[in-house]
Amino acid sequence: MSGWVHRHVIDLSAFSTDDFATVLELAQRFRSLPVVGARRLPALQGRLMTTLFFEASTRTRSSFELAAKRLSADVQSFLPGSSSLAKGESLLDTARTYVAMGANVLVVRHSCAGVPQILAEHLDRGPERVSVLNAGDGLHSHPSQGLLDLFTLARHFQPDAPSPAALRGRRIVIVGDVLHSRVARSNLWALSACGAEVVLCGPPTLLPDCFADFLAAPPPGQVGDPVPDRIPVRLVRRLEEALPGADAVMTLRLQKERMHQHLLTSLESYHRSYGLSHERLALCGRPVPVLHPGPVNRGVELAGALLDDPERSLVEEQVRNGIPVRMALLYLLATESGV
Ligand code: CP
């Protein structure tokens, strides 16, 4: 595992192809452990992971907590509704309070892009060694979801040895509300680092033309791109044009809570143009898997029959894979970056 340099995990734009290989290899090892019986590994004994979720979550928070417990870490959950935020305590002071209680890893979700980065910079100025793990910040980034999607695809193409090479030359189509999707942004960095060709498909209101340049430069504040040869993103407006030749299709949740203008005529018309069904998927020309980060608007992004079809849908597999992938991240932060 040498070569791991990240104390914090904020954005997959900072990951090299070797970093992705390290996470996939470790996740595969954790994935192969029995899930019944003696399943707790002592790796993080005596360490404390605190989840600070300022936005709702089912999968991410629960699977981080399970992952930490399976590595024998102590787990503490912050619940904003019943916290001293209500008395005016700042977010930074809240985080410092948990660090004072001994937190080694803070897993942070917030509706504002940049909050985990600001927290990490603030904590780096203090005496304690603490890792910040971004569990989703606004429209910016959702690195553990990007990693579990990558792991799921790599295992689909190469079940015994999932690695970045399993993605090389594959065409992955991402459909839907790219504009509001931190998952799509994380997947763009992850898939392109592994040599996949990413095709984005959606209407102009949910997929502005500027996404064609998304991978052209690292985000502000990051010095250089650790991956030299990313294949540029391709934008396609119609599913009928995007699907032929695809190796996998990932569809995204319509994030109605982040839409402040009328970006869609109706959910029915969206489903007619961009919803996935068995019939639509047949346009790929071969049997391909479908992914969705969840939660799904059933019958909008995905027809119920396709979502429930274990031959085609990897949605539950994505959820299962979230645990070993998050175990891998926690293990690397605690053992390789010395927190
Ligand atoms: N995919 C995802 O982030 O799900 P939750 O919001 O349930 O954590």
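Residues numbered from 1 in each chain as written. Predicted model: local features only at pLDDT ≥ 70, side-chain atom pairs only at ≥ 80, totals over all residues. Heavy atoms only, no water.

Engineer: Help me out: how do you make sense of the environment of Leu 235 in this one?
Structural biologist: Take Leu 235: it is sitting in strand 7 (residues 234-236). Along the chain, Leu 235 and Gln 28 lie 207 residues apart, while their C-alpha atoms are 32 Å from each other. Leave out the neighbours within four places in its chain, and Leu 235 touches Leu 200, Leu 207, Pro 208, Asp 209, Phe 211 and Ala 212. (Helix = DSSP H or I, 4+ residues; strand = E, 2+ residues; numbered from the N terminus. Contact = heavy atoms within 4.5 Å.)

Engineer: Any chance you could explain the domain arrangement of the chain here in plain terms?
Structural biologist: When the parts of a complex come together, some accessible area is lost, and that lost area is often used as the size of the interface. Per the domain assignment, the segments of the chain are domain 1 (12-141 + 319-336) and domain 2 (144-318). For the pair domain 1 and domain 2, the summed buried area comes to about 2,900 Å², and 57% of that belongs to carbon and sulfur atoms. The largest contributions to the domain 1 side of the interface with domain 2 come from Ser 13, Leu 24 and Leu 139, which together make up 23% of the buried area. Summed over the shared surface of domain 1 and domain 2, the result is 3 salt bridges. Seen at the junction of domain 1 and domain 2, the total is 20 residue pairs in polar contact (both at pLDDT 80 or more). When residues of the side of domain 1 that touches domain 2 are traced back to their parent elements, those giving at least two are helix 1 (17-31), helix 2 (59-70), strand 3 (105-110), strand 4 (131-137) and helix 11 (315-335). Each residue belonging to the side of domain 1 that touches domain 2 can be placed in one class, and the counts come to 14 nonpolar, 13 polar and 7 charged. (Domains from an automatic or database assignment. Buried area = accessible area lost by both parts, 1.4 Å probe. Salt bridge = Lys/Arg side-chain N within 4 Å of Asp/Glu carboxyl O. Polar contact = N/O pair within 3.5 Å; in protein donor to acceptor, adjacent residues only side chain to side chain. Nonpolar A, V, L, I, M, F, W, Y, C, P; charged D, E, K, R; others polar.)

Engineer: How do you make sense of the sheet that holds strand 9 (residues 290-291) when you look at a structure like this?
Structural biologist: Taken in spatial order, the 5 strands of this open sheet run 7-6-5-8-9, and their pairing is parallel. Whereas interior strands pair on both sides, the edge strands pair on one side only; in this sheet they are strand 7 and strand 9. In terms of strand pairing, strand 5 (residues 171-175) meets strand 8 (residues 248-251) through 4 bridges, oriented parallel. Along strand 8, the bridge assignment pairs Ile 172 with Ala 248. In the packing of helix 6 (residues 182-193) onto the sheet, the strands contacted are strand 5, strand 6 (197-201) and strand 8, and the crossing angle to strand 5 comes to about 170°. (Pairing = 2+ DSSP bridges. Axes fitted to C-alpha atoms, helices over the stretch in contact; angles between N-to-C directions.)

Engineer: Would you mind going over the site of the ligand with me for this structure?
Structural biologist: Close to the ligand lie Ser 57, Thr 58, Arg 59, Thr 60, Arg 109, His 142, Gln 145, Pro 293 and Gly 294, which account for all nearby residues. Between the ligand and His 142, the relevant distance is 2.9 Å, taken from an oxygen atom to a side-chain nitrogen or oxygen of the residue. Considering the ligand on its own, with 250 Å² of exposed area, one finds that the protein chains cover 91% of that surface. Looking at side-chain class alone, the shell around the ligand contains 1 nonpolar, 6 polar and 2 charged residues. Mapped onto the domain boundaries, the shell around the ligand takes at least three residues apiece from domain 1 (12-141 + 319-336) and domain 2 (144-318). (Near = heavy atom within 4 Å. Areas by Shrake-Rupley, 256 points an atom, 1.4 Å probe, with all protein chains shown as cover.)

Engineer: Looking at this model, I keep getting lost on helix 1. Mind explaining?
Structural biologist: In an α-helix, one full turn covers 3.6 residues, which means residues spaced three or four apart are oriented alike. Relative to the 21 Å expected for 15 residues at 1.5 Å per residue, helix 1 spans 21 Å between its end C-alpha atoms, a close match to the ideal helical length. The complete set of buried residues in helix 1 reads Asp 19, Phe 20, Thr 22, Val 23, Leu 24, Leu 26, Ala 27, Gln 28 and Phe 30. Its buried side turned inward, helix 1 meets helix 5 (143-157), helix 6 and helix 11. (Expected span 1.5 Å × (residues − 1). Buried < 20%, exposed > 50% of the residue type's maximum accessible area, 1.4 Å probe, protein only.)

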